[in-house]
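Observations on chain architecture
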Amino acid sequence: MTITLPHGLPHARLRELLVGVLFALLIVTAVTITLLALSPHLPIEHVTIVYLIPVIVAALRWGAIPAMFAGILGIAAPAYFFYAPIYDFRVHSPAQIADIVMFTIVATITGRMAVAVRHAKMRAQAETLRDALIGSVSHELRTPLAGIIGSTSVLAQSPAVAQDKGLSSLVLGVRREAERLNGDIQNLLDATRISSDGIMPNWEWVDPEDVINGALARKRTLIGERPVNLSVADDLPLIYVDASLIESALGQLIENAAKYSPPSVPIAISAAQHGETVHIKVVDKGDGLSFGEAERIFERFYRAPRHAGSVAGSGLGLWIARALVEACGGRIEAFSLGPGEGTTMRIDLPLKIQPASDEEADE
Amino acid sequence: MSEAPTVLIIDDEPQIRRFLRAGFDLERFTVLEEETGEAGLRAATLRQPDLIVLDLNLPDMDGATIVQTIRAWSAVPIIVLSVRASDEDKVRLLEDGADDYVVKPFSIVELLARARAAIRRQARGTKGDPIVKAGPLTIDLSSRAVFVNETRVVLSPKEYRLLQVLAQHTGNVVTHNMLLKEVWGARHLENGHYLRILVRKLRRKIEQDPKRPRILVSELGVGYRLANEADE
């Protein structure tokens, strides 16, 4: 079994180990004294069971080596104090030998389980710390960014800048970059939140058209002058989802379509019912996907090698989008005929039985 | 507006206040600034501003408390600045009496549009002007008549009621709950889908392209807004 100790100075680690071993000795001694004190009044036949306590405590608190030490003491102490001949490490009775063998097996298994629990706990603590760090750093970054974005919007409105084409485009450039940065930080925050708290959807009946228009409005600056072909089927049923989550996910797909296809090439967005699901598609005529990428692009931090240097991105967007859609009971998939053939991203949302309509609405 | 209106900005972050001041200056507002909720409440009482822009994450007071305190004695328009928090928080503030919100980071254009709409609503309340315009849409609240580009549209009573409530807040968001209560009554707050269906019907009558609405726009998770296109 490999033991991954927390990073730290070897010196500190050695000291922690020593403390663990000492405590293991202490607990075993305490158990032995208690048992010796009780034994005249209380016939305890299988004392070895009691010696599992120090093993588990040591494993949970100090790790594998102190637990092993407690285990060895747990064999030695009963052999010496309780099993005939007393005050001698030899053991004669076959039943007691069986006891010791059983103890060894059970102590090994529970000890290892306890060590695993301890490692999981330590890992969780490290992750909580990391998440807290990301959370506070993100907040510190977002406040100045809100100032920058707001200021560029005032500059763009001021007569001196509005009348100067060069200055206007400069200001717009700053704003777009700041918004992109803000989006990346938001993704980082979302990703941390998803992995630490999970997602709690706020379910409601929503018109899919509103979700699509909301996502488009949110990405308005990014889309700019690029044409968007929208085709939404008539009388699409309502969907029962968290509208904000689906809007975020769809916004991410629109952003990717805009990022990975040449400027001014149209993006097509469509929504239609297929059996018991509603499909929302975002189709671009961009770089497409290479073989096997359709699944990989949803992995956390995955970025296509050919874009790594040319298009900015964190590799988090689609991972988040998938988590958001799945939290609403939907699926998200990517299709492409190959590099250069464009990409189709599709969100499938399950249809629920439509709610009873309001008869009075037609009065 | 005949004379320069006064805006009170309550925000603890200097870089936000700086650009808000510059933005409202461009619109010829008189700008007052406060850093804390307590100082903000005092200024709101003493200076009687025409508009309050309130940041929700103040160090000393909860945003909802400030909104409730102001609403206890004044109908002054309040626009709330929030971070992208949960929709529930925004809805709660709107129901506590805030007129509208913008989510940080925001553009000054967006904030000014919301601010103008809220000030107009306030003015209409005192003057009693029955005509509301939103893009190609005209609503005459006194004769209950609705026109799109001068052509009269016939609405069902519920469609009209919905439009009427939105028209009273033209340019500002009205929450789903407020609309459900006004159109169907307080017993139907759970029936959000009534509203979605009615909005769809109404859009078919008043929007040029009902699938890309420009007038009756949705604020997902929060409510609906009758957009004033001149402001967007």
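Here's a quick rundown of the structure. Source: prediction; values computed, not measured. Think of each chain on its own: its residues are numbered from 1, step by step along the sequence as written. A letter from A marks each chain and a number from 1 marks each ligand, given out in the order of writing. Confidence filtering applies because this is a predicted model: local features only for residues at pLDDT of at least 70, side-chain atom pairs given and counted only at 80 or more, and all residues used for totals across whole chains, interfaces and linings. To obtain the side-chain values, all non-hydrogen atoms of the structure were used and water was disregarded.

1. Side note on the overall build of chain A
Summing up its helical and strand segments, chain A has 11 helices and 7 strands in all. Taken along its principal axes, the extent of the C-alpha atoms in chain A is 100 × 55 × 45 Å. Think of it in three bands: with a 1.4 Å probe and only protein chains considered, a residue is buried below 20% of the maximum accessible area for its type, exposed above 50%, and partly exposed in between. Within chain A, buried positions represent 42% of all 363 residues. We call two residues contacting when some pair of their heavy atoms lies within 4.5 Å. In chain A, the proportion of contacts linking residues at least 24 apart, taken out of those at least 6 apart, comes to 69%. The helix count covers DSSP runs of H or I at least four residues long, the strand count covers runs of E at least two residues long, and both are numbered beginning at the N terminus.

2. Digging into the nonpolar core
Nonpolar side chains in soluble globular proteins tend to end up buried together. All names here are of chain A. Put simply, a nonpolar core is a bunch of buried Ala, Val, Leu, Ile, Met, Phe, Trp, Tyr and Cys residues held in one set by side-chain atoms that sit within 4.5 Å of each other. By size, the foremost hydrophobic cluster in this structure holds 49 residues, and its most contacted members are Leu250 and Ile347. For this core, the element with the most residues is helix α9 (residues 243-259), which contributes 9 residues. Ignoring sequence-local partners within four residues, the contact set of Ile347 consists of Ala249, Leu250, Leu253, Val278, His279, Ile280, Val325, Arg331 and Ile332.

3. Digging into the interface of chain A and chain B
Counting from both sides, the interface comprises 50 residues of chain A and, opposite them, 38 residues of chain B. When two components associate, each loses some accessible surface as probed by a 1.4 Å sphere; the sum of these losses over both components is called the buried area. Roughly 3500 Å² of surface becomes buried between chain A and chain B when both sides are summed, with 52% attributable to carbon and sulfur atoms. The rule for a salt bridge is simple: a side-chain nitrogen of Lys or Arg has to be within 4 Å of a carboxyl oxygen of Asp or Glu. For B:Arg200, the salt bridge is made with A:Asp207, and the minimal N-O distance between the two is 2.7 Å. For the side of chain A that touches chain B, the elements supplying multiple residues, two or more each, are α4 (94-157), α6 (165-197), β1 (204-206), α7 (208-218), β2 (228-232) and α9 of chain A. Tallying contributions element by element places α4(A) first for the side of chain A that touches chain B, with 11 residues.

4. Side note on the sheet that holds strand β5 (residues 277-284) of chain A
Residues and elements named next belong to chain A. Strand order in the open sheet formed by 5 strands is β2-β4-β5-β7-β6, with mixed pairing between adjacent strands. Taken across any chain shown, the strands that pair with only one partner, and hence form the sheet edges, are β2 and β6 (331-335). For this sheet, the mean inter-axis angle between neighbouring strands, taken without regard to orientation, is 15°. Bridging between strand β4 (residues 267-274) and β5 involves 7 bridges; their strand directions are antiparallel. Across the sheet, the residue bridging to Ala268 is Val283, located in β5. Two strands make a pair as long as DSSP finds a minimum of two bridges between them. Lines fitted to the C-alpha atoms define the axes, with helices restricted to the stretch that makes contact. Angles between their N-to-C directions range from 0 to 180 degrees.

5. A closer look at the pattern of salt bridges
Applying the stated criterion across every chain, the model contains 35 salt bridges over all chains. With a shortest N-O distance of 4.0 Å, A:Glu255 and A:Lys259 are connected by a salt bridge. Of this pair, A:Glu255 and A:Lys259 both sit in helix α9, 4 residues apart, roughly one helical turn. The buried category is assigned to A:Glu255, whose relative accessible area is 15%. With a shortest N-O distance of 3.8 Å, A:Arg322 and A:Glu326 are connected by a salt bridge. With A:Arg322 and A:Glu326 both in helix α11 (residues 317-327), this residue pair falls 4 residues apart, about one helical turn. Note on A:Arg322: relative accessible area 17%, which makes it buried. Judged by its relative accessible area of 45%, A:Glu326 is partly exposed. What you see here is one network of salt bridges that share partners, running through B:Asp100, B:Glu110, B:Arg114, B:Glu219 and B:Arg225.

6. Some points on the packing of aromatic side chains
Residue and element names in this part refer to chain A. Note on ring pairs: Phe, Tyr and Trp rings are taken, using the six-membered ring of Trp, and paired if centres are within 6.5 Å. Classes follow the plane angle, with under 30 degrees stacked, over 60 edge-to-face and the rest tilted. Applying the stated criterion across every chain yields a total of 11 aromatic pairs over all chains. Plain terms: the ring middles of Trp203 and Tyr240 are 5.9 Å apart, the flat faces sit at 15° to each other, and that makes the pair stacked. Of this pair, Trp203 sits in the loop between α6 and β1 while Tyr240 sits in strand β3 (residues 239-241), and the two are 37 residues apart along the sequence. Owing to a relative accessible area of 36%, Trp203 belongs among the partly exposed residues under this scheme. A network of ring pairs unites the aromatic residues Tyr80, Phe81, Phe82, Tyr87 and Phe89 as a single cluster.

Function cannot be inferred from these measures alone, as they are strictly geometric.
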